[in-house]
Amino acid sequence: MKISFRLFIMAFLLSMGGCITQLDTEPTNILPESGVFTDKVLAQSVLANFYNSVNYGQNNGNHANYHLLDEANLSYGPATTTDAEKVIPRDFFQTYDYELVRRMNQFLAGIRSAPARAALLEADRRELEAQCIFLRAWYHFCMARSFGGMPILGDTVFTYESGVDPERFQVPRSTEAGIYDYVIAQCDLAATGLTASKTTNGGIANKWAAMMLKARAAVYAGSIANYGTKLTPTVRTPNWEAGIPSDQSEKYYKLAQETAEQVITQSPYVLQIDAANPGESFYKATSVKAGNTEVIWAMDRLRPNVVTQFTNFTMPYSNRDFTEGNALGAVLNLVEAFENKDGSDPAVKTTTTNGSYVFYNSVEDPFTKKDARLWGTVIYPNALYRQTPVVLQAGQLNKSGDGYVLRTSVVNGKDAQGNLITSLNGPASNSDNFVNKTGFLVRKFLDESPNAGLNPGFSEMWWPRFRIAEAYLIAAEASFELGDKTKAVTHINATRKRGGIQPLSASTITFNHIVNEYRVEFAFEDHRFWDLKRWRLAHTIWNGIPNDPNAQMYSLYPYKVVASGDANDGKWVFTKQLSFKMAPNPRNFPLMNYYTAIQPGWRANNPKLVNNPLQ
């Protein structure tokens, strides 16, 4: 077995200092197995490649991948108006890479070999082995949430030789329960060799990352078994490659509950809450590495080689560091999901029962009464970014006889008296770039560091995959499904407390509370899409029905009252409208999308791969 390293090619060329060598010289960038697995640094280099290869799903390395979910819309370019653009693709974020599995299995064979055992400290060798086992489990989990059950190769390294019957390499799909069982078992195995201590910026998996993956896999399996039968009974294969029998839900929920509670009670991670400034502390809990107490595992970034342009594209254009801005707007649907602290209706009132405008003394009034996590998640009108208010103003409301009339302008336009009409940021319903289209911007993962949006340095913002908050919500969900509502409210109130919203009781908690808590706690963190799939709610929420309050995306435009002598002069009104970028398209998630399609080419190579439902 031989492994190639690009970094070693570079090192070799630099060391040559411009010397010319014979073309038939034995390549120095190819390292034999004994040279890799007997050297800790080289083995870590292989693992680093694996870590870079498992960045599946939605993440803040690409702001555009939020566009087809219900949290945010792109603000660049014209509106999307065709039917094809409203359907969430069946292959959304699919994971399928058995070449990576083969490389991981090669690594495990090498790190377990006699030369490795002789050359490396046993503690180091076990840690390297455990990290690879964990990453392989993470890969299989990400594949399972797309496809259901898929072939499980274990530790086998398949090597084709001339004359070998190809059927030897054709492994059938496992059941969906089987692949989740495999992930859970591999997490247990990995945990025995991983450190229980925190790692730098959560960049390297530890025991608690393995336990979190185990808990997440268990609650996914439990909810698929529970709700698949209840809500989508026809969306399964005859032999359960897709779908899990309902009688297995209880065992998975129990495992999820026990594992999540173990992380809560035994790990070094705690919820990051500052009662004096809860909105900012929530932002720091997700988006600031320094002093962070709750991110367990993350894709870390470090200049100069690994950075993200998320801040460059999505920061308020009025605060821009470079050439971009306002590329992503949070939608009203998400904003209204954040409860009001007093328990009142969280919908933003725009008109009275008789159709008159609702006037607010401040543009911030509808939002400051909400769950404090809203501040840490989105930038609403006049909220601070880098200690500067972000002006979001669609236009003015002027007096016209006994009524009022809306007035807009080009961005940064002013009236004859010098009053702002439409702000530089917008919102505006047009195809201009750099103009917000929804009335809100995304704050989570927006770097507040100076010049974080400036080329070429950009931002070192990380991508958290597991936070301790998820352990609380998994424990709450599993407890609820097991009928222990007292324990469920204890866990869910721990995260609700950070928002300052009303605590739930055993008599008031519902499944919808759990669904919504995941939504607001983990907005923009690659949870919503997968959660709605496992709960079998995606096709009912993203139902493709025009003007449906869930499927249709909405914007909220603020207008300042400029009417000298009028009692409402200086106040604010809002209009709710179809979100320009998505209008007139409601989101649409067909039943067949619960399982990604098995591609014909894969079946041609492996006829044992049965198709998924509705394929």
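Computed from a prediction, not measured in an experiment: that's the story for all the values here.

## Here we look at the overall build of the chain
Then step 1. When its secondary structure is counted, the chain shows 20 helices and 14 strands.
Then step 2. Taken against the 2.2 N^0.38 rule, which gives 25 Å for 615 residues, the C-alpha radius of gyration of the chain at 26 Å falls within 12% of a compact globule.
Then step 3. Along the three orthogonal principal directions, the C-alpha set of the chain runs to about 90 × 65 × 45 Å.
Then step 4. A total of 615 residues make up the chain; the buried ones form 55% of that total.
Then step 5. With the model as given, the accessible surface of the chain reaches about 24,400 Å², and the carbon-plus-sulfur share is 53%.
Then step 6. Here the chain contributes 59 positive and 58 negative side-chain charges, whose respective centroids are spaced 1 Å apart.

## Thoughts on helix 17 (residues 511–521)
Then step 1. Counting buried positions over the 11 residues of helix 17 gives 8, a clear majority of the element.
Then step 2. Those residues of helix 17 that fall on the buried side of the exposure criterion are F511, I514, V515, E517, Y518, R519, V520 and E521.

## Digging into the packing of aromatic side chains
A ring pair, where both rings are aromatic, is described by two values, the distance of the centres and the angle of the planes.
Then step 1. Going through the model one piece at a time under the given rule, you end up with 40 aromatic pairs.
Then step 2. With a centroid separation of 5.6 Å and an interplanar angle of 65°, the aromatic rings of F147 and W602 are classed as edge-to-face. Of this pair, F147 sits in helix 6 (residues 122–147) while W602 is found in helix 20 (residues 600–605), placing the two residues 455 residues apart along the sequence. Like W602, F147 is buried.
Then step 3. Their ring planes at 85° and their centres at 5.7 Å tell us that F511 and W535 sit as a pair that is edge-to-face.

## Structural notes on the sheet that holds strand 14 (residues 572–578)
Then step 1. Read across the open sheet, the 4 strands follow the order 10-9-13-14; overall the sheet is mixed. Each edge of the sheet is formed by a strand with only one pairing partner; in this case those strands are strand 10 (403–407) and strand 14. On average, adjacent strands in this sheet sit at an angle of 35° to one another, irrespective of strand direction.
Then step 2. Both strand 13 (residues 554–561) and strand 14 contribute to a ladder of 7 bridges, which runs antiparallel. Note on strand 14: the bridge partner recorded for Y554 is L578.

## Some details on helix 15 (residues 468–481)
Then step 1. Between its first and last C-alpha atoms helix 15 spans 20 Å; for 14 residues at 1.5 Å apiece the expected length is 20 Å, and the two agree.
Then step 2. Most of helix 15 sits out of view: 13 of its 14 residues are buried.

Cut-offs used in this document
- Residues numbered from 1 in each chain as written.
- Predicted model: local features only at pLDDT ≥ 70, side-chain atom pairs only at ≥ 80, totals over all residues.
- Heavy atoms only, no water.
- Helix = DSSP H or I, 4+ residues; strand = E, 2+ residues; numbered from the N terminus.
- Rg over C-alpha atoms; globule rule 2.2 N^0.38 Å.
- Buried < 20%, exposed > 50% of the residue type's maximum accessible area, 1.4 Å probe, protein only.
- Areas by Shrake-Rupley, 256 points an atom, 1.4 Å probe, with all protein chains shown as cover.
- Lys, Arg positive; Asp, Glu negative; His and termini not counted.
- Charge placed at Lys NZ, Arg CZ, Asp CG, Glu CD.
- Phe/Tyr/Trp six-rings, centres within 6.5 Å; stacked < 30°, edge-to-face > 60°.
- Pairing = 2+ DSSP bridges.
- Axes fitted to C-alpha atoms, helices over the stretch in contact; angles between N-to-C directions.
- Expected span 1.5 Å × (residues − 1).

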